[in-house]
Every structure is written in C-alpha cells, then in structure tokens.
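So the chains spell out like this:
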Amino acid sequence: MAGGAEGGILNRKDQHLDIVLDGRTARYRQAATGFEVIAFEHCALPELDLEEIDLATPFLGRTLRAPFLISSMTGGPQRAAAINRHLAEAAEALGLALAVGSQRVALSGSGDGGVTRELRRLAPTVPLLANLGGAQIVDEYGLDEARRAVEMIDADALIIHLNPLQEILQPEGDRRWRGALAAIERLVVALDVPIVVKEVGCGLSAAVARRLSGVGVDILDVAGAGGTSWAAIEGERAGTEHQRRVAAAFSDWGIPTAVAIRAVRDAVPGAVVIGSGGVRTGLDAAKAIALGADLVGQAAAVLDGAVTSTEAVVAHFRILHDQLRAACFCTASPTPAALRQARLLAG
C-alpha cells in the first residue's frame, strides 16, 4: 500500500472518530433498534435475592464476569493507542471481552495504534478479538495476514467485519465484494482460532446467517441498525453535495438490532449470537439477551469514556452491569440464560 494511501486511511479513521464524538450525525434520519417497542413483564414476586444473580458467561474458552463485549473502535494511531489501553485495562478489571478495531493500518506498518501484544499484557485473562475487513480479505489479505492480525495481540478469535454499504459510500471505499464468503470459509478452515463475523450497523439477516453458518462460522455479531449510522458518518465526510445526498438517503438503512437478533437466533440456533447496534443501557442488554443474544456488544456509547480514561470506561460498564442485574431481578432471572424465559410484552 502506498504511503499516500496509508495516510488517507489514518486521516479517515480520525475523521470517523471526530464525527461520532461531535454528534454530527444527529441531523440525519435515525433508525430505531426495536428495543423501544418491547418491555419485560414485571415480576413483583421474584423469590430471588439480588446477591444470587450470577452474570458469568462463557466465551471463547474463558469466563466473563458479565455478558458484555467491548466492541471495535478505531481512530488514527496516536488516539487509538490511548483508547485501546483504556479499554484493555477496563476489560481486565471488569472481566469483559474486548474486540479491537480494524488492524489494516497496523498490518501495513504505518503505526500500530496500540494494537500490539501490550494489549494482552494489560488484559491477560479476558478474550481478545482481532479484526479485519471483509473487503480486504477478498483482494488484499489472505491467511498470512490473518495470522499476523491474531498473533499481533495474541487474540482468542478473529472478527471479519462486513460493511458493504459504508464501503460504497466512501469515495475511497472498496467496491469488490465478490468472493467474500469463499474467503471467510478459507480462514475458517485454516486459522487456529474461531472466526467471528459481524456487520457494522446494518444488521445480519437470517439468510446471511445461514450462509455463514454453512461455511463453519459459529459466532455471529448482528450489529444491527439503531446505533452508529456509517452512512450518516460518510455523508458528513462527503466531498461533494452529490455524495452527501446519496449517503443521506441510507442513514436509517438496515435491519433493526432487535429484529436481527431474533432472526439470527432462529436461523442458526446453535450459534453464539452477539447482539450489538444501539445498545445504550443494561436494560437494552437484557432485552437483547431475552431475544436470543448470548453476549451484548457496545462501542459508540462507551467512546466518550474510552477517550478519557480507564476509570471512565469502568464506571460506564458498572452502570450497565447493575442495570442488567436489576432487569434479571425484576424478571426472576438468576442468570442471563434465564432471561430467555422472561416474558416480553409489545410496547
């Protein structure tokens, strides 16, 4: 990759971060997650002590203290290094899983953004997930690069993120997606760690989940609509009015997170399902689990804390933890798995 192209990627990642932090996408149409139209039936007689609730969740051969994944975030190398350090320290302190942002820049040698084995030193006991783009494994990267991405952080799994809408809305995006499924299958067969496939805000459908399951992908992150709109972000980055208007039309595009979770769970009952996309509270997390998620991912909602300090990230997830425990208590659910039996009402 040429130096100019590398610089362009670094600049783009910093622009993405600024747009999310500044809230500039608020003027675009926003998709709803679907969580807002469902509620739990309250149990006034839980016959359960709050201290009995156990949120421990197995994932990738390790045990999380709560069913939370700190989802992939990004930024230019200098900012990303601080973000990744804060997230890794918080993940270890709280016993949560951590997924890093795209390692495309690190693999190119343009700067590691803190995505090194230092992350494993900071978080020795929790699952770490490496990350590559679906478009990149079609043309640019193969098994060697995937292994390097995993080895770079001593990862427990490799995420392949799918972002076709975002890529075609970027002037510099990747348009070549033919062969992505076959490339994923090659990695499933050859890599020594599990492959996780996730969308980045438009959701996974039942049909796509079945196709991925058919090539051996057992962990699916739905990353549905209702959270960060990458179409809106690319609209803010657009260099021309034409590009902005094309992107703006898709700002609320995608499968709502609640719908995607239920559809993927029904389509591939044996998969590990991660519910992410607009999860803002521990009550949202409880709804995601009740709909079929095994874990719940969160990124944008913790970004302010991530750029500030480890303590801010810890404080954020402690709130989510206690909100989830309260939801378990008021539905007489001693574990996250028991939430699957809690009755949901239409709002």
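Residues numbered from 1 in each chain as written. Predicted model: local features only at pLDDT ≥ 70, side-chain atom pairs only at ≥ 80, totals over all residues. Heavy atoms only, no water.

What follows covers the overall build of the chain. What the chain contains, in helices and strands, is 15 helices and 12 strands. Radius of gyration (C-alpha) of the chain: 19 Å, near the 20 Å computed for a compact globule of 347 residues. Structurally, the chain occupies a C-alpha span of about 65 × 45 × 40 Å along its principal axes. Split into buried and exposed, the 347 residues of the chain put 55% on the buried side. (Helix = DSSP H or I, 4+ residues; strand = E, 2+ residues; numbered from the N terminus. Rg over C-alpha atoms; globule rule 2.2 N^0.38 Å. Buried < 20%, exposed > 50% of the residue type's maximum accessible area, 1.4 Å probe, protein only.)

Throughout the structure, instances matching the rule amount to zero disulfides. Among the cysteines around cysteine 328, which has no disulfide bond, cysteine 330 carries the closest sulfur, lying 9.8 Å off. (Disulfide = S-S within 2.5 Å.)

What follows covers unusual backbone geometry. Unlike most non-glycine residues, aspartate 154 shows phi in positive territory, near 50°. Following the sequence through the fold, aspartate 154 ends up in the loop between helix 6 (143-153) and strand 7 (157-162). A positive phi is found at alanine 223, a non-glycine position, where the angle reads about 40°. Residue placement: alanine 223 occurs in the loop between strand 9 (219-221) and helix 10 (230-237).

Approximately 330 Å³ is the volume found for the second largest pocket. Only helix 8 (180-190) and helix 9 (206-214) provide two or more residues apiece to the lining of the second largest pocket. (1 Å grid on protein atoms, 1.4 Å probe; cavity = no way out; pocket = protein on both sides within 12 Å on 5 of 7 lines; lining within 4 Å. Points joined across faces, edges and corners; volume = space filled by probe spheres on them.)

With that settled, the discussion passes to the packing of aromatic side chains. Enumeration over the complete set of coordinates arrives at two aromatic pairs. Note on phenylalanine 68 and phenylalanine 317: the rings are 6.0 Å apart at their centroids and 50° apart in plane angle, and the pair reads as tilted. Placement of phenylalanine 68 in strand 4 (residues 68-70) and of phenylalanine 317 in helix 15 (residues 310-329) is noted, with a sequence separation of 249 residues between them. Take phenylalanine 68: its relative accessible area is 3%, and that puts it in the buried class. (Phe/Tyr/Trp six-rings, centres within 6.5 Å; stacked < 30°, edge-to-face > 60°.)

The next subject is the UniProt feature "binding site: Mg(2+)" (unreviewed entry) in the chain. Here, the residues flagged by UniProt with the feature "binding site: Mg(2+)" (unreviewed entry) are Glu167. Leave out the neighbours within four places in its chain, and glutamate 167 touches Gln136, Gly173, Asp174, Arg175 and Trp177. (UniProt positions renumbered as here; feature names shortened; annotations may be inferred. Contact = heavy atoms within 4.5 Å.)

On to helix 12 (residues 257-267). Along helix 12, the positions that sit buried rather than exposed are Thr257, Ala258, Ala260, Ile261, Val264, Arg265 and Ala267. Close packing links the buried residues of helix 12 with helix 9, strand 9, strand 10 (272-275) and helix 13 (282-291).

Strand order around the closed barrel formed by eight strands is 4-5-6-7-8-9-10-11, with parallel pairing between neighbours. Neighbour to neighbour, the strand axes of the sheet diverge by 25° on average, direction disregarded. Here strand 9 pairs with strand 10 via three bridges, running parallel. Within strand 10, the position partnered with aspartate 221 by the bridge is isoleucine 274. Against the sheet, helix 6 makes contact with strand 6 (128-133) and strand 7, and its axis sits at roughly 150° relative to strand 6, the strand it touches most. (Pairing = 2+ DSSP bridges. Axes fitted to C-alpha atoms, helices over the stretch in contact; angles between N-to-C directions.)

Take helix 10 next. Structural remark: α-helix, 3.6 residues per turn; residues separated by three or four positions point the same way. Counted residue by residue, helix 10 has seven buried out of eight residues, so it is predominantly covered. Residues Ala231, Ala232, Ile233, Glu234, Gly235, Glu236 and Arg237 constitute the buried set of helix 10.

A separate point is the pattern of salt bridges. Summed over the entire model, instances satisfying the criterion amount to 15 salt bridges. Residue glutamate 172 pairs with arginine 237 through a salt bridge whose shortest N-O separation is 2.8 Å. One end of the pair, glutamate 172, is in the loop between helix 7 (164-169) and helix 8; the other, arginine 237, is in helix 10, and 65 residues separate them in sequence. Here the residues in one salt-bridge network are Arg62, Arg120, Asp154 and Asp156, joined through shared partners. (Salt bridge = Lys/Arg side-chain N within 4 Å of Asp/Glu carboxyl O.)

Time to look at the environment of leucine 212. Here leucine 212 lies in helix 9. When the C-alpha positions of leucine 212 and isoleucine 184 are compared, they lie 8.4 Å apart, and in sequence the two are 28 residues distant.

Let's shift gears to the packing of helix 14 (residues 300-308) against helix 15. Their axes nearest at 6 Å, the elements helix 14 and helix 15 cross at an angle of 150°. When the interaxial angle is binned, helix 14 and helix 15 end up roughly antiparallel. Of the residues in helix 15, those in contact with Ala301, Val302, Gly305, Ala306 and Thr308 of helix 14 are Ala312, Val313, His316 and Phe317. Broken down by class, the residue content of the contact of helix 14 with helix 15 amounts to six nonpolar, three polar and no charged. (Parallel < 35°, antiparallel > 145°, perpendicular 65-115°, else oblique. Nonpolar A, V, L, I, M, F, W, Y, C, P; charged D, E, K, R; others polar.)

Ranked by internal contacts, the top residues of the largest apolar core, which has 88 residues, are Leu158, Ile160, Ile184 and Leu220. Among the elements that make up this core, the one with the highest residue count is helix 15 (seven residues). When sequence neighbours within four positions are dropped, the list of residues in contact with isoleucine 184 reads Ile137, Ile160, Leu162, Ile195, Val197, Leu212, Val215 and Val217. If you look at the next biggest cluster of nonpolar residues, it comprises 12 residues, including Phe59, Ala157, Ile159 and Leu295. (Core = buried A, V, L, I, M, F, W, Y, C linked by side-chain atoms within 4.5 Å.)

Our next topic: the environment of isoleucine 195. Note on placement: isoleucine 195 falls in strand 8 (residues 195-199). When neighbours within four sequence positions are excluded, isoleucine 195 is seen to be in contact with Leu158, Ile160, Ile184, Leu187, Val188, Val217, Asp218 and Ile219.

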